[in-house]
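Survey of secondary and tertiary structure
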Amino acid sequence: MPHTDNFSRYFPPSKDFADCGCQVVSFGYEQVGKWGDYPLPGHPEDHYFCFSRGRILATYVIEVLTAGEGRFQAEGAEMVNVQAGDAFLLFPGIRHRYRRKAETGWNKWWIELSGPVTEDWMRIANFTPARPVLRQVASPVLLETFQELAVVTREDRPIQPLLTSAVALEIIARTRGAIERNDTEIDRTMGMVRTARQLIREQTANARIAWEDLAAKLGVSYSSLRQVFSRMVGLSPGQYHLFLRQRQAVSLLRNSDLSITEISDRLGFDTIYYFSRFIKQRTGLSPRELRSGEKVAFPLRERRVPQIPSTPEGNE
C-alpha cells in the first residue's frame, strides 16, 4: 500500500549499527504540495538549509522522487531539473542544494546512511559525485523496498539495526539495478559477458582456448573483450578459464573415484606432471595431498532393506 503520510525518523549512533557497518542516520517520506512551505519542519537543525547557501553533510543520502518536479545542484555542477522517477545522491563533504518546483510540489523518499559498509556499497554501485542525478530509477520494486523500511522503522516498534541495515543496503542495490535496466549499453555488455562465460565454461577441459576466435563469435576484438570481461567479472578471460579448470580438478579429486591420471586426461593436460604442477601452484597442495586429506564423512555401506516375515496362509 503506497505511503501517503509525511514522516521523518532520525536514529542515534549505536554499537549495533556500528557492528553492521551501515548506520541508518535518517529515513523518511515527504509530500509538498503546490506553493507549500519548504523545507518542511521537524528536522534537526544541522539538516536545515537555505537554498542560497546550500548545505554540506557528512553522510550519504539517496533521494527518490515519486511525484512532482524540482531543481537540484551539487557543488561544481550546473543546476538540473529532476522529476518523478528520478533520484539524486548527496555525498559526504559535497555542498548541495535542492527544492521542489512551486507549481507542482513533489513527493519523495529519502534515506541517509554512513559507515564503512555503506561507503563500500556506494563505490561498488559506482555512485559518484560526478553523476549525482539518476534518471528514472524509481522502479516498483525500489519503492516497495522503501515501504518495507518504513514498516521496519515504525515509531512504535524497537529499531532492529541488523534488519534495518540490510534493507538500507538493498535500496542501494535496487537503485543500481534500475540504472542497469535503463542503460541499453550496460545491458548489451552484460549479455556479451554472460555469453563469453558460457563459451569459456564449455571449454573447461581444453588446455588452450583460441581467444581471438572466441571474441570473434561475440563480434568484438579480444582486447575489447578482455577489457570489458575483466571490469565486470574481476578476472581476465584467461584467469577465469584457469579458475574453472582448478575448480573442476579439485572437485574431481575430492568427490570422484577417477584416478589422478584419469582426471589429468579428462582436463586435457599433456602429462600428469603438468597437471600436478598446476594443482600445486593453484592450491598449495599436490593432487595426492588434496585427495588423501579428504575424510569420508559417513561410511558408504549398502543399505539392507528390511525383510517382511512371511505368514502362513490363513494366519494373516
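Residues numbered from 1 in each chain as written. Predicted model: local features only at pLDDT ≥ 70, side-chain atom pairs only at ≥ 80, totals over all residues. Heavy atoms only, no water.

**A few points about the overall build of the protein chain**
Let me state the cut-off plainly: For the purposes of this entry, the term helix denotes a DSSP run of H or I that reaches at least four residues, the term strand denotes a run of E that reaches at least two, and both are numbered from the N terminus. Whether two residues are in contact is decided by their heavy atoms: any pair within 4.5 Å suffices. Surface accessibility follows the Shrake-Rupley procedure with a 1.4 Å probe radius. Residue values consider only the protein chains on display as shielding.
Within the protein chain, the regular secondary structure consists of eleven helices and eight strands. Put simply, 69% of the contacts in the protein chain that link residues at least 6 apart link residues at least 24 apart. Counting every atom, the protein chain has about 18900 Å² of accessible surface; 51% of that belongs to carbon and sulfur.

**Some remarks on the side chain of Gln23**
Note the following rule: Here's how the labels work: a residue is buried when its accessible area is under 20% of the maximum for its type, exposed when over 50%, partly exposed in between, all with a 1.4 Å probe on protein chains only.
Mapped onto the elements, Gln23 comes out in strand S2 (residues 23-32). Judged by its relative accessible area of 10%, Gln23 is buried.

**Details of the pattern of salt bridges**
Side chains carrying opposite charge are able to pair once their charged atoms draw close together. This is how the line gets drawn: Salt bridge criterion: a side-chain nitrogen from Lys or Arg within 4 Å of a carboxyl oxygen from Asp or Glu.
All told, the structure shown has nine salt bridges when counted by the stated rule. Across the salt bridge formed by Lys108 and Glu63, the nearest N and O atoms sit 2.4 Å from each other. Residue Lys108 is located in strand S7 (residues 106-114), and its partner Glu63 is located in strand S3 (residues 60-74); the two are separated by 45 residues in the primary sequence. On the basis of relative accessibility, which here comes to 3%, the residue Glu63 falls in the buried class. Here Asp120 makes a salt bridge to Arg123, at a shortest N to O gap of 3.7 Å. With Asp120 and Arg123 both in helix H2 (residues 116-124) and three residues apart, the pair spans about one turn of that helix.

**Regarding the packing of helix H7 (residues 222-233) against helix H8 (residues 237-255)**
What counts is decided by this rule: Angles shown run from 0 to 180 degrees and are taken between the N-to-C directions of axes, each axis being a line fitted to C-alpha atoms and, for helices, limited to the stretch in contact. The cut-offs work like this: below 35 degrees is roughly parallel, past 145 is roughly antiparallel, 65 to 115 is roughly perpendicular, and the gaps in between are oblique. Following the grouping adopted for this structure description, the nonpolar residues are Ala, Val, Leu, Ile, Met, Phe, Trp, Tyr, Cys and Pro, the charged ones are Asp, Glu, Lys and Arg, and the polar ones are all others, Gly among them.
It is at 8 Å that the axes of H7 and H8 come closest, and there the two elements cross at 60 degrees. Put simply, H7 runs oblique to H8. Residues Tyr222, Arg226, Phe229, Ser230 and Val233 of H7 pack against Pro237, Gly238 and Tyr240 of H8. For the contact of H7 with H8, a count of residues per class yields five nonpolar, two polar and one charged.

**What about the packing of H8 against helix H10 (residues 272-283)?**
Two numbers describe how H8 lies on H10: the axes approach to 11 Å, and their chain directions differ by 105 degrees. When the axis of H8 is compared with that of H10, the two are roughly perpendicular. Two secondary-structure elements touch here, H8 through Gln239, Leu242, Phe243, Arg245, Gln246, Ala249, Val250 and Leu253 and H10 through Phe275, Phe278, Ile279, Arg282 and Thr283. Here the contact of H8 with H10 is composed, by residue class, of eight nonpolar, three polar and two charged.

**As for the packing of aromatic side chains**
Keep this limit in mind: In this analysis, rings of Phe, Tyr and Trp, with Trp reduced to its six-membered ring, are considered paired at centre separations within 6.5 Å, and the interplanar angle assigns stacked below 30 degrees, edge-to-face beyond 60, and tilted for intermediate values. By definition, being over a ring means that NZ of Lys or CZ of Arg is both within 6 Å of the ring centre and within 35 degrees of the ring normal.
On inspection of all chains with the given rule, the structure shows 18 aromatic pairs. Relative to Phe91, the ring of Tyr60 lies with its centre 6.1 Å away and its plane at 80 degrees, an arrangement referred to as edge-to-face. Highlighted residues: Tyr60 in strand S3 and Phe91 in the loop between strand S5 (87-90) and strand S6 (96-100), separated in sequence by 31 residues. Here Tyr60 and Phe91 have matching classes, each one buried. Taken together, a centroid distance of 6.2 Å and an interplanar angle of 40 degrees make the contact between Tyr98 and Trp106 tilted. Above the ring of Phe51, the side-chain terminus of Arg97 is found at 4.4 Å from the ring centroid. Across the ring face of Phe269, the terminal group of Arg245 is positioned such that the distance to the ring centre comes to 4.4 Å.

**Overview of the pairing of S6**
Residues in a regular strand project their side chains so that they alternate between the two faces of the sheet. In plain terms, the rule: Pairing between strands is defined by DSSP: at least two bridges between the two strands are required.
Residues of S6 alternate between two faces, with His96, Tyr98 and Arg100 buried on one and Arg97 and Arg99 left unburied on the opposite face. In terms of strand pairing, S3 meets S6 through five bridges, oriented antiparallel. Note that in S6 the partner of Gln73 across the bridge is Arg97.

**Side note on the nonpolar core**
Going by this rule: The set of buried Ala, Val, Leu, Ile, Met, Phe, Trp, Tyr and Cys residues whose side-chain atoms join them within 4.5 Å is what this entry labels a nonpolar core.
If you look at the biggest cluster of nonpolar residues, it comprises 33 residues, and the most contacted ones within it are Val24, Phe27, Ile111, Phe127, Phe146 and Ile172. When contributions to this core are tallied by element, the ones reaching two or more residues are S2, S3, S5, S7, helix H3 (140-152) and helix H4 (161-182). No other element matches the seven residues that H4 contributes to this core. Excluding residues that lie within four positions of it along the chain, Ile111 makes contacts with Val24, Ser26, Phe27, Tyr60, Val61, Ile62, Phe146, Leu149, Ala168 and Ile171. With 16 residues, the next largest nonpolar core counts Ile200, Leu218, Tyr222 and Leu225 among its residues.

**Quick look at the state of the cysteines**
Applied cut-off: We call a pair of cysteine sulfur atoms a disulfide when they lie within 2.5 Å.
Scanning the model with the defined rule gives zero disulfides in all. Cys20 supplies the cysteine sulfur nearest to Cys22, a cysteine that is in no disulfide, at a spacing of 7.6 Å. Residue Cys22 is classed as buried on the basis of its relative accessible area of 0%.

**A look at the confidence of the model for the protein chain**
It should be kept in mind that the predicted coordinates are not to be read in detail where pLDDT is low. Keep this limit in mind: pLDDT gives the predictor's per-residue confidence on a scale running from 0 to 100.
Mean pLDDT over the protein chain stands at 87; residues scoring 70 or higher make up 89%. Least confident of the elements in the protein chain is helix H5 (residues 184-202), whose mean pLDDT is 84; most confident is S5, at 97. Contacts for the low-pLDDT stretch residues 295-316, under 50 throughout, to residues beyond four places or in other chains number one contact.

**Concerning H3**
Keep this limit in mind: The span you would expect from a helix comes to 1.5 Å times its residue count less one.
With 13 residues, H3 should reach 18 Å at 1.5 Å per residue; the first-to-last C-alpha distance of 18 Å fits that figure. Residues of H3 that are buried include every one of Leu142, Thr145, Phe146, Gln147, Leu149, Ala150 and Val152, and no others.

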